[in-house]
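Residue strings, one per chain:
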Amino acid sequence: MDITFDHVSYTYQAGTPFAGEGLQDISVTIHDGSYTAIIGHTGSGKSTLLQHLNALLKPTSGTVTIGDRQITSETSNKNLKPLRQQVGMVFQFAENQLFEQTVARDIAFGPKNFGVPEAKANALAEQMVTLVGLPASVLSQSPFDLSGGQMRRVAIAGVLAMQPSVLVLDEPTAGLDPAGRRDMMQLFAKLHREQHLTVVLVTHQMDDVADYADHVLVMDHGRLVKTGTPREIFADPVWLTANQLGLPKTTQMAMALQRRGFKFAELPLTTSALAAALLPQLPVKAGERDE
Amino acid sequence: MNKLIIGRYLPGNSWVHQLDPRTKLLASFYFIAIVFMANTWLSYLVMFAGVMVMIAASRIRIGFFLRGVRPMIWLILFTVGLQIFFTTGGHVYWQWGWLHVTHYGLINGAYIFCRFVLIIFVSTLLTLTTQPLSLADAVESLLRPLRYLHVPVTELALVLQIALRFVPTLMDQTTKIMNAQRARGVDFGTGGLFQQMKAVVPLLIPLFVDSFGIAEDLATAMDARGYRGGDGRSKFRVLAYHSRDWVAGGSMIVLTALLLLTRR
Ligand SMILES: Nc1ncnc2c1ncn2[C@@H]1O[C@H](COP(=O)(O)OP(=O)(O)O)[C@@H](O)[C@H]1O
Ligand SMILES: [Mg+2]
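Residues numbered from 1 in each chain as written. Chains lettered and ligands numbered in written order. Predicted model: local features only at pLDDT ≥ 70, side-chain atom pairs only at ≥ 80, totals over all residues. Heavy atoms only, no water.

Chain B is annotated in an unreviewed UniProt entry as Energy-coupling factor transporter transmembrane protein EcfT of Lacticaseibacillus nasuensis JCM 17158. Heading Subunit (unreviewed entry) of the UniProt record for chain B holds this comment: "Forms a stable energy-coupling factor (ECF) transporter complex composed of 2 membrane-embedded substrate-binding proteins (S component), 2 ATP-binding proteins (A component) and 2 transmembrane proteins (T component)." (UniProt positions renumbered as here; feature names shortened; annotations may be inferred.)

An unreviewed UniProt entry annotates chain A as Energy-coupling factor transporter ATP-binding protein EcfA2 of Lacticaseibacillus nasuensis JCM 17158. The Function (unreviewed entry) comment attached to chain A in UniProt states, word for word, "ATP-binding (A) component of a common energy-coupling factor (ECF) ABC-transporter complex." The Sequence similarities (unreviewed entry) field of the UniProt record for chain A holds the comment "Belongs to the ABC transporter superfamily. Energy-coupling factor EcfA family."

(A) Inspection of the interface of chain A and chain B at higher detail. Of the residues lining the interface, 24 residues belong to chain A; the matching set on chain B comes to 25 residues. Summed over both partners, the interface of chain A with chain B buries about 2100 Å², with 62% contributed by carbon and sulfur atoms. For the pair chain A and chain B, the interface holds one salt bridge. For the pair chain A and chain B, the number of links is six residue pairs in polar contact (both at pLDDT 80 or more). Among the secondary structure elements, those contributing two or more residues to the side of chain A that touches chain B are helix 2 (81-86) and helix 3 (103-113) of chain A. Looking at the side of chain A that touches chain B element by element, the count peaks at four residues for helix 3 of chain A. (Contact = heavy atoms within 4.5 Å. Buried area = accessible area lost by both parts, 1.4 Å probe. Salt bridge = Lys/Arg side-chain N within 4 Å of Asp/Glu carboxyl O. Polar contact = N/O pair within 3.5 Å; in protein donor to acceptor, adjacent residues only side chain to side chain. Helix = DSSP H or I, 4+ residues; strand = E, 2+ residues; numbered from the N terminus.)

(B) Expanded view of the packing of helix 7 (residues 132-143) of chain B against helix 8 (residues 153-183) of chain B. Residues and elements named next belong to chain B. With their axes 9 Å apart at the nearest point, helix 7 and helix 8 run at an angle of 165° to one another. Comparing the axis directions of helix 7 and helix 8 gives the class roughly antiparallel. Remark: the crossing between helix 7 and helix 8 carries right-handed chirality. Two secondary-structure elements touch here, helix 7 through Pro132, Leu133, Ala136, Asp137, Val139, Glu140 and Leu143 and helix 8 through Val153, Thr154, Ala157, Leu160, Gln161 and Leu164. A breakdown of the residues in the contact of helix 7 with helix 8 according to their chemical character gives nine nonpolar, two polar and two charged. (Axes fitted to C-alpha atoms, helices over the stretch in contact; angles between N-to-C directions. Parallel < 35°, antiparallel > 145°, perpendicular 65-115°, else oblique. Left-handed = near helix turned anticlockwise from the far one by under 90°. Nonpolar A, V, L, I, M, F, W, Y, C, P; charged D, E, K, R; others polar.)

(C) Expanded view of the site of ligand 1. All names here are of chain A. Close contacts around ligand 1 come from Tyr12, Gln13, His41, Thr42, Gly43, Ser44, Gly45, Lys46, Ser47 and Thr48, and that covers them all. Here an oxygen atom of ligand 1 sits 2.7 Å away from a polar atom, N or O, in the side chain of Ser47. Tallying contributions element by element places helix 1 (residues 46-50) first for the shell around ligand 1, with three residues. Each residue belonging to the shell around ligand 1 can be placed in one class, and the counts come to one nonpolar, eight polar and one charged. (Near = heavy atom within 4 Å.)

(D) Representation of the domain arrangement of chain B within the structure. The domain architecture assigned to chain B consists of domain 1 (1-130 + 237-264) and domain 2 (152-233). Taking only C-alpha atoms, the centre of domain 1 of chain B and the centre of domain 2 of chain B are 33 Å apart. (Domains from an automatic or database assignment.)

(E) Focus on the domain arrangement of chain A. Residue and element names in this part refer to chain A. The domain boundaries assigned to chain A delineate domain 1 (3-247) and domain 2 (248-281). In this complex, domain 1 contributes 10 residues to the contact, which on the side of domain 2 involves nine residues. Buried surface at the junction of domain 1 and domain 2, both sides included, amounts to about 850 Å², of which 59% is carbon and sulfur. Counting the surface domain 1 buries against domain 2, the share from its top three residues, Asp207, Arg231 and Leu247, is 63%.

Dropping the structure here:
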């Protein structure tokens, strides 16, 4: 399911003296099966853009086409449910959305709203709780008795249980410990790879962009200022710094090595690429290579 | 919710913005009280002139104030309608059963309308030019004499300040949680009464949990910084009357005099 923005602008509190520009003239397509990262500094309009992906916000002008549904400022709030099921959205600090008495019921809440029978929804809950790396024993616990990181996983499980075909993630790993971050990012990558889930990820972690995304959108002041592959985006460190963005750690390291005399045909973005590029340039210790 | 103008603050540096919040609070209450003394066209004209001078001194566009009236318009029209249809006396223009439109009815309706507009304009001016926290300070300062009657004025003021401070935070949080639950298939504001009540649960529980969290953090932060009740505590924002506050008070007296001259 492609999602296409056609000259989309959005104004917060339009028609009041407190109006504020959220998005300005965005035109872009998020292709079915892609992994898109959205980067940009705080307040650049990333979350505003995301909320157009499942019609939580409707453009003030322009059109958003989600699959075969067209969303404009005129679109009524009725019959948006199928769309909400197809585009699963994990909000920033998603643990705030938990409310049920048990973890199982909270995860089953979404599917049940979309008409999945009780028994199937409960089965989904069990399946998802394992998928996000929690023990099955939490299913009967209150979500409020869990740690912050566990609550985040339950919230993510609750969205995955809706079985969306597009997964939208707004800084899903902010505030998690490094292990939790890696687990979650690998889970999303796996779903993308194995179930061909379209993933849209907002993040401040350039490493995650380099490791997982195949397409990058750069936002600034409500505008889309640059799009391209991670390689294209990270090719211009000066421009990135000017836009308060950074480089992946691997690339920073490669640049430091470059100043010490190492040579790279193109700057590596991931750890494995860096290792591969370094290996031929390292002095060989006696006995390690036999050619 | 976001369309409401009354209760919002518009940062600025005008003469009215710089007035002491106590002056603004007292003057607003005073103005609202004397609005009810106006009973001739000329006296309403005086009151309107007074409001226009204040609005001009605040350098805020009149559009803001007109917008402030908009959410109240049905209440106003309802009240004006009651006045028009149920006031007796004077020439009868139209009659149907016990409904009648009379000369006095029309005049009363117009007066009521003017009163509403005047009161809304002045309240809007007060909140547009005064930060909520300054208003809370003003309330505390004005209620201070009640301390001698063992009213816990500083504690009440603290409650008021904390409540005001967290209104925008909780509004933001409400929007966020509503969106998160909408994304999970909740329809707010559709379906029967029972369905709508059920839809509120996934909103209210996270809000309560969040509020308790905020309250706990705030209490810890206050404890950590040695808060031991309000008695003897010094203030960061010290309220002081300046010459412009006396000018504002004087203007109210002039307005009262003009009102007394023009009313019957
Ligand atoms: N509910 C709102 N009302 C008014 N302005 C808002 C609201 N939400 C966001 N904004 C404004 O829109 C802009 C973009 O915000 P957002 O999309 O949240 O940015 P990001 O997610 O990139 O940090 C910011 O300037 C922000 O102040
Ligand atoms: Mg954001």
